[in-house]
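# Coordinates in review
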Amino acid sequence: MTDQEIIEGLIARDERVTGEFFFGQCRPLICSIIGLVFNGRVDYDELVNELYLYLMENDAARLRGFEYRSSVYQWLKVLAIRYFIKRRDHMIDDVSHERPTHEEESAEDSHADEDLERLFGLMPNKRYVMVIKRLILEDENPEHLAREMNVTVANLYNIKRRAMAQLAHVALKDIQEYGKQQ
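Let me sum up the structure you'll find in this document. Please read these numbers as outputs of a predicted model, since none were measured by experiment. (Residues numbered from 1 in each chain as written. Predicted model: local features only at pLDDT ≥ 70, side-chain atom pairs only at ≥ 80, totals over all residues. Heavy atoms only, no water.)

### Let's talk about the overall build of the chain
Counted only if it meets this: A run of DSSP states H or I qualifies as a helix once it reaches four residues; a run of E qualifies as a strand once it reaches two. Both are numbered from the N-terminal end. The contact criterion used throughout is that any non-hydrogen atoms of two residues lie within 4.5 Å. For the accessible areas, the method is Shrake-Rupley and the probe is 1.4 Å, while residue cover comes only from the protein chains on display.
Scanning the chain from N- to C-terminus turns up nine helices and zero strands. Listed by position from the N terminus, the elements making up the chain come as α-α-α-α-α-α-α-α-α. Considering only contacts in the chain between residues 6 or more positions apart, those separated by 24 or more positions represent 62%. Accessible area of the chain: about 10,900 Å², with a carbon and sulfur share of 48%.

### Observations concerning the packing of helix H2 (residues 15–25) against helix H4 (residues 44–64)
Here is the rule: Here the axes come from fitting lines to C-alpha atoms, over the contacting stretch only for helices, and the angles between their N-to-C directions go from 0 to 180 degrees. Working definition: roughly parallel below 35 degrees, roughly antiparallel above 145 degrees, roughly perpendicular at 65 to 115 degrees, and oblique for all remaining angles. Crossing handedness is defined as follows: a turn of the near helix away from the far one that is anticlockwise and smaller than a right angle gives a left-handed crossing, while the clockwise case is right-handed. Three classes are used, and their members are as follows: Ala, Val, Leu, Ile, Met, Phe, Trp, Tyr, Cys and Pro are nonpolar, Asp, Glu, Lys and Arg are charged, and the others, Gly among them, are polar.
Contact pair H2 / H4: the axes reach a minimum separation of 11 Å and the direction vectors enclose 125 degrees. Between H2 and H4, the angle is such that the two are oblique. The chirality of how H2 crosses H4 is right-handed. Where H2 abuts H4, its residues Thr18, Phe22 and Phe23 lie against Tyr44, Asp45, Val48, Leu51, Tyr52 and Leu55. Of the residues belonging to the contact of H2 with H4, the class tally is seven nonpolar, one polar and one charged.

### Things to note about the packing of aromatic side chains
Put simply, the rule reads: Any two of the Phe, Tyr and Trp rings considered here, Trp counted by its six-membered ring, make a pair once their centres fall within 6.5 Å; the pair's planes then place it as stacked at under 30 degrees, edge-to-face at over 60, or tilted in between. Burial here depends on accessible area, computed with a 1.4 Å probe over protein chains only, as a share of the maximum for the residue type. Under 20% is buried, over 50% is exposed, and the range in between is partly exposed. Any Lys NZ or Arg CZ that is within 6 Å of a ring centre and within 35 degrees of that ring's normal is treated as a charge sitting over the ring.
Scanning the entire structure with this criterion turns up nine aromatic pairs. Between Phe22 and Tyr52 the ring centres are 6.1 Å apart and the planes differ by 90 degrees, which places this aromatic pair in the edge-to-face class. A residue pair is termed long-range when its members are at least 10 positions apart, and Phe22 in helix H2 and Tyr52 in helix H4 qualify at 30 residues. With a relative accessible area of 1%, Phe22 lands in the buried category. Above the ring of Tyr44, the side-chain terminus of Arg27 is found at 4.0 Å from the ring centroid. In this structure, Arg62 is placed above the aromatic ring of Tyr54, and the distance from its NZ or CZ to the ring centre is 3.7 Å.

### With respect to H2
In plain terms, the rule: Note: the arc covers the axis-to-C-beta directions of the helix. Counted as a polar contact is a pair of N or O atoms within 3.5 Å, where, for protein atoms, one must be capable of donating a hydrogen and the other of accepting one, and residues adjacent in sequence contribute only when both atoms are in side chains.
Among the residues of H2, Val17, Thr18, Phe21 and Phe22 are the ones counted as buried. Angular distribution of buried residues about the axis of H2 spans 105 degrees; they occupy a single face of the element. Set apart from the buried face of H2 by more than 90 degrees, the exposed residues are Glu15 and Arg16. Where H2 begins, one side-chain oxygen reaches toward the backbone nitrogen of Arg16, 2.9 Å away; that side chain belongs to Asp14.

### Considerations on empty space enclosed by the protein
For the record, the criterion: The rule is simple: put a 1 Å grid over the protein atoms alone, call a set of points where a 1.4 Å probe fits but cannot get out a cavity, call an open set with protein on both sides within 12 Å along at least five of seven lines a pocket, and count a residue as lining if it has an atom within 4 Å of a point. Grid points are joined across faces, edges and corners, and a volume is the space filled by probe spheres set on the points.
Scanning the entire structure with this criterion turns up one cavity of 30 Å³ or more. What the largest cavity holds in volume is close to 100 Å³. Lining the largest cavity are Leu36, Val37, Asn39, Ile85, Arg88, Ala112, Asp115, Leu116, Leu119 and Leu167. When residues in the lining of the largest cavity are grouped by element, the largest group, four residues, is from helix H6 (residues 102–122). Tallied by class, residues from the lining of the largest cavity come to seven nonpolar, one polar and two charged.

### Quick word on the pattern of salt bridges
Our working definition: Take a side-chain nitrogen of Lys or Arg and a carboxyl oxygen of Asp or Glu: if they are within 4 Å of each other, that pair is a salt bridge.
Overall, the coordinates contain seven salt bridges when judged by the stated rule. Measuring nitrogen to oxygen at the nearest pair gives 3.2 Å for the salt bridge that ties Glu20 to Arg16. Of this pair, Glu20 and Arg16 are both found in helix H2, four residues apart, which corresponds to roughly one turn of the helix. Taking relative accessible area as the criterion, Arg16 reaches 51% and is therefore assigned exposed. When the shortest N-O distance is used, the salt bridge between Glu67 and Arg69 registers 2.8 Å. The class of Arg69 is exposed, set by a relative accessible area of 67%.

Structure representation (structure tokens):
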């Protein structure tokens, strides 16, 4: 399927296209996001459902906004990683139904923080790292950061988009390298 056929099929809620796309062609991408963002602690179907709902919000506005400047997979990779990093704490189920101790929470958080910092260390553009940390992780006001960086808000969002793409690229490369070591 072409990118246009995929986008049109998703917008039309075509079951064949949707199933083939999310449960066939995108499976490696989504599995890597589950590993990268959630350390493997979310269900594949649940993540796909959440992503699908996000894409279909407001009459599929995100899908309709796809501009074909990259492949649909590259676009989805950046969009999904960005979305799920923000939603990470709301999506991980505690399968034991017990409240983790403070020490367990700290250990999990520190492992995720270590993984993210390691990926940041692999990114060649440290300005991108700073933008991701400040805009996404620290939820800083974009206007304030744009002024501080002496760029327009529109340019800041372009920098953020490129930063997320670079993070996604580094993460996927890291996942591939990890697979080779196994």
